[in-house]
Amino acid sequence: MSERTGKDRRQAFDLLGVIDTPPEKTFDDIVLVASVCCDTPIALVSLLDIERQWFRARIGLDLSETPIDWSVCRIEIDRGAFLSIPDLTVDPRTRDNPLVTHHPHLRFYAGAPLVMRSGAVIGRLCVMDTVARPDGLSEQQRLLLEALARQVADHLELRQIARTSEHLARLQAALLDIGDRIRRSRSVGEMTQSIAQIVGHALQTDRAGFGTVDAATETIEIEPDWTADGVASVAGRHRFEEFGRLRDGLAKGEMLVIHDVTTDPRTAADPSRMLAVGIAALVNVPVRDRGRTIAVFLVHAATPRRWTATELSFLHSVADRLEAGVSRHRLDQQQRSVNGEISHRLKNMLSMVQSIATQTLRDIPDRTPVAVFEQRLLALSTAHDALLKGQWIAADMASIILGVLAPFGFENRMRRTGPMVTLDASAAMSVSLVIHEMMTNACKYGALSNDTGRIDINWAIAGDGADATLTMTWEEQGGPPVKEPTRRGFGARLIRQGLIGTGGVTLRYHEAGLTAEFVVPLSALTQTGSDA
């Protein structure tokens, strides 16, 4: 077995995810048919791992696996050809095999290769007997065994396709959930803890967490992490160098991927510290801010694990969302600090105005207008506090839409075009809610529920002055066929209320996808500027 083909076989097994899985009726039926048609007491689906052969299905043999050195199936396996040995006791390749010299005293062997579409040969469908067969199988029996072997390979790949599809759907659902958690989180700690839990469950791993790093990425401060049952937390401060060469590339924003800490050159010299805390495989995903690594999202597995390209892409998307979320929370914190200082200063100024007014107007006999004036000053101060504490300020429509769309992670499948339109606080909130509901529906049922759909969002201004209107069109293409829902929940009612809650909405359900048109007087939004 060459190193190259052994590696191809290992990669094929990683994709199939079939080793050590429970019996399945399909494969049990195939070995039964093979045994009957070839008139042999033993038939096996033998998969050749690196150190052992494992029987996906078997009949007539009580062993579930053997060491790879005992495997007859591995002989000339790289050729991918049919193998027949009429008498195992006289063939120099098998005469000393423990399965030949001892129980069950095998004598005859015939095996058809299991060839994947990638070209990797992962094992054989074989039949065996305890008596020699000088003439081997008949031509018809051989053709049948080869046909059954192709059925085994096809079933393995169909199983892998179904498994991958289910896994991908789970990861896509997790990304939607993560986007929702980021929007609803009130702090970085709350956000990272909830995301860690979502990722841990989605990847079915043992630990997930988030840690901030120092400027030189020499230490990491891991916040309270998510762990599977029975797995200890690693929250606290750690030095990267204590666990191997883990910070290589992190400062540059490169993902660190280790499938097995005992064999990876970055950790193999002394994996004991990692193994002691249940880390046998890991992924460290850098979280960046202004071109600098500020944190790491980490995922740990307690046993060696081959992280797939799909899983790594998922973790990269998680890191992208974390970067946006962390940045938003930091900006919010800075804004709250600035707003607090402004509020404090303005309150002092209003207090001074009130004091001056009180002193100036103290000799006026009629105190009624003075009280009204003071109440208006108080109302002004209260309104100012509410404005500063609010999340929405005047912003252009493109930024509002982009801010809502970004956490969903479908930027490359969406197009936004339209002129600069500045929304006031109320309009910005209303538009954002409508766009959010449209995106949620598109991800669940529409163009973003598959891998090919796209969405165009266009807005334009018609008319001048007080008669000017803004029309926003939402058009989905390439998704599954849609039809008008029979039940309308809160989200549907919100969409039909329009951009400012006064209607002006037309929904069309086409085979090609949903088209929605929102029309609103421009004066109800705010002022317009030059084209963007």
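Mapped onto the fold, Ser194 is located in helix 5 (residues 188–203). One polar contact links the side chain of Ser194 to the main-chain carbonyl oxygen of Met191, over a distance of 2.9 Å.

This part takes up the side chain of Thr66. Tracing the sequence through the fold places Thr66 in strand 3 (residues 65–67). On the accessibility criterion, Thr66 (3% relative accessible area) is buried. Residues in contact with Thr66, not counting those within four places in the same chain, are Arg52, Gln53, Phe55, Ser71 and Leu99.

What follows concerns the nonpolar core. The biggest cluster of nonpolar side chains holds 36 residues, and the ones touching the most others in it are Met414, Leu423, Met439, Ile457, Leu470, Met472 and Trp474. Elements supplying a minimum of two residues to this core: helix 9 (397–405), helix 10 (425–444), strand 17 (454–462), strand 18 (469–477) and strand 20 (514–521). At nine residues, helix 10 tops the list of elements feeding residues into this core. Counting 33 residues, the second-largest nonpolar core is a separate cluster that includes Ala174, Ile182, Val199 and Leu315.

According to the stated counting rule, one finds 19 salt bridges in the structure shown. Sharing partners across several salt bridges, the network here consists of Glu76, Arg79, Asp91 and Arg93.

As a further point, take the sheet that holds strand 3. Across the sheet, six strands lie side by side as 3-2-1-6-5-4; this open sheet has antiparallel pairing. The two strands at the open ends of the sheet, each matched to only one other strand, are strand 3 and strand 4 (83–85). With direction set aside, neighbouring strand axes in the sheet form an average angle of 20°. Taken together, the three bridges between strand 2 (residues 52–59) and strand 3 define a ladder with antiparallel strand orientation. Across the sheet, the residue bridging to Trp54 is Glu65, located in strand 3. Set on the sheet, helix 2 (residues 25–38) makes contact with strand 1 (42–48), strand 2 and strand 6 (121–129); between it and strand 2 the angle comes to about 75°.

Spanning 14 residues, helix 2 covers 20 Å between terminal C-alpha atoms, matching the ideal 20 Å at 1.5 Å per step. Taken as a whole, helix 2 has its buried residues at Phe27, Ile30, Val31, Ala34, Ser35 and Cys38. The buried residues of helix 2 all sit within an arc of 130° when viewed along its axis, so they share a single face. More than 90 degrees from the buried face of helix 2, the exposed residues found are Lys25 and Val36. Phi turns positive one or two residues past the end of helix 2, at Asp39, with a value near 55°.

A few words on unusual backbone geometry. Here the bond from His103 into Pro104 is cis, since omega is 15°, no more than 30 degrees from zero. Its location among the elements puts Pro104 in the loop between helix 3 (98–101) and strand 5 (108–115). Although it is not a glycine, His105 sits at a positive phi angle of roughly 55°. For His105, the position within the fold is in the loop between helix 3 and strand 5. The class for His105 is partly exposed, based on a relative accessible area of 37%.

Once that is clear, we can look at the environment of Phe82. Structurally, Phe82 is set in the loop between strand 3 and strand 4. Sequence-wise, Phe82 and Cys126 are 44 residues apart; in three dimensions their C-alpha atoms are separated by 9.7 Å. Sequence-distant contacts of Phe82, that is, excluding residues within four places in its chain, are made with Ala110, Gly111, Ala112, Pro113, Leu137, Arg142, Leu145 and Glu146.

So, about helix 5. Look at helix 5: 22 Å from first C-alpha to last across 16 residues, which is about the 22 Å you get at 1.5 Å a residue. Those residues of helix 5 that sit buried are Met191, Thr192, Ser194, Ile195, Ala196, Ile198, Val199, Gly200, Ala202 and Leu203. Residue Ser187 occupies the N-cap position of helix 5, its side-chain oxygen lying 3.1 Å from the main-chain nitrogen of Glu190. Once helix 5 ends, the next one or two residues include Gln204, with phi positive near 50°.

This part takes up the environment of Thr40. Here Thr40 lies in the loop between helix 2 and strand 1. Measuring from C-alpha to C-alpha, the distance between Thr40 and Val127 comes to 6.3 Å, with 87 residues separating the pair along the chain. If near-sequence neighbours (up to four positions away) are discounted, Thr40 is found in contact with Ala34, Ser35, Phe108, Val127, Met128 and Arg133. Polar contacts involving the side chain of Thr40 include one to the main-chain carbonyl oxygen of Ile42, which spans 3.1 Å.

Cut-off values and rules
Residues numbered from 1 in each chain as written. Predicted model: local features only at pLDDT ≥ 70, side-chain atom pairs only at ≥ 80, totals over all residues. Heavy atoms only, no water. Helix = DSSP H or I, 4+ residues; strand = E, 2+ residues; numbered from the N terminus. Polar contact = N/O pair within 3.5 Å; in protein donor to acceptor, adjacent residues only side chain to side chain. Buried < 20%, exposed > 50% of the residue type's maximum accessible area, 1.4 Å probe, protein only. Contact = heavy atoms within 4.5 Å. Core = buried A, V, L, I, M, F, W, Y, C linked by side-chain atoms within 4.5 Å. Salt bridge = Lys/Arg side-chain N within 4 Å of Asp/Glu carboxyl O. Pairing = 2+ DSSP bridges. Axes fitted to C-alpha atoms, helices over the stretch in contact; angles between N-to-C directions. Expected span 1.5 Å × (residues − 1). Arc of directions from axis to C-beta.

All we've got here are geometric facts, nothing functional implied.
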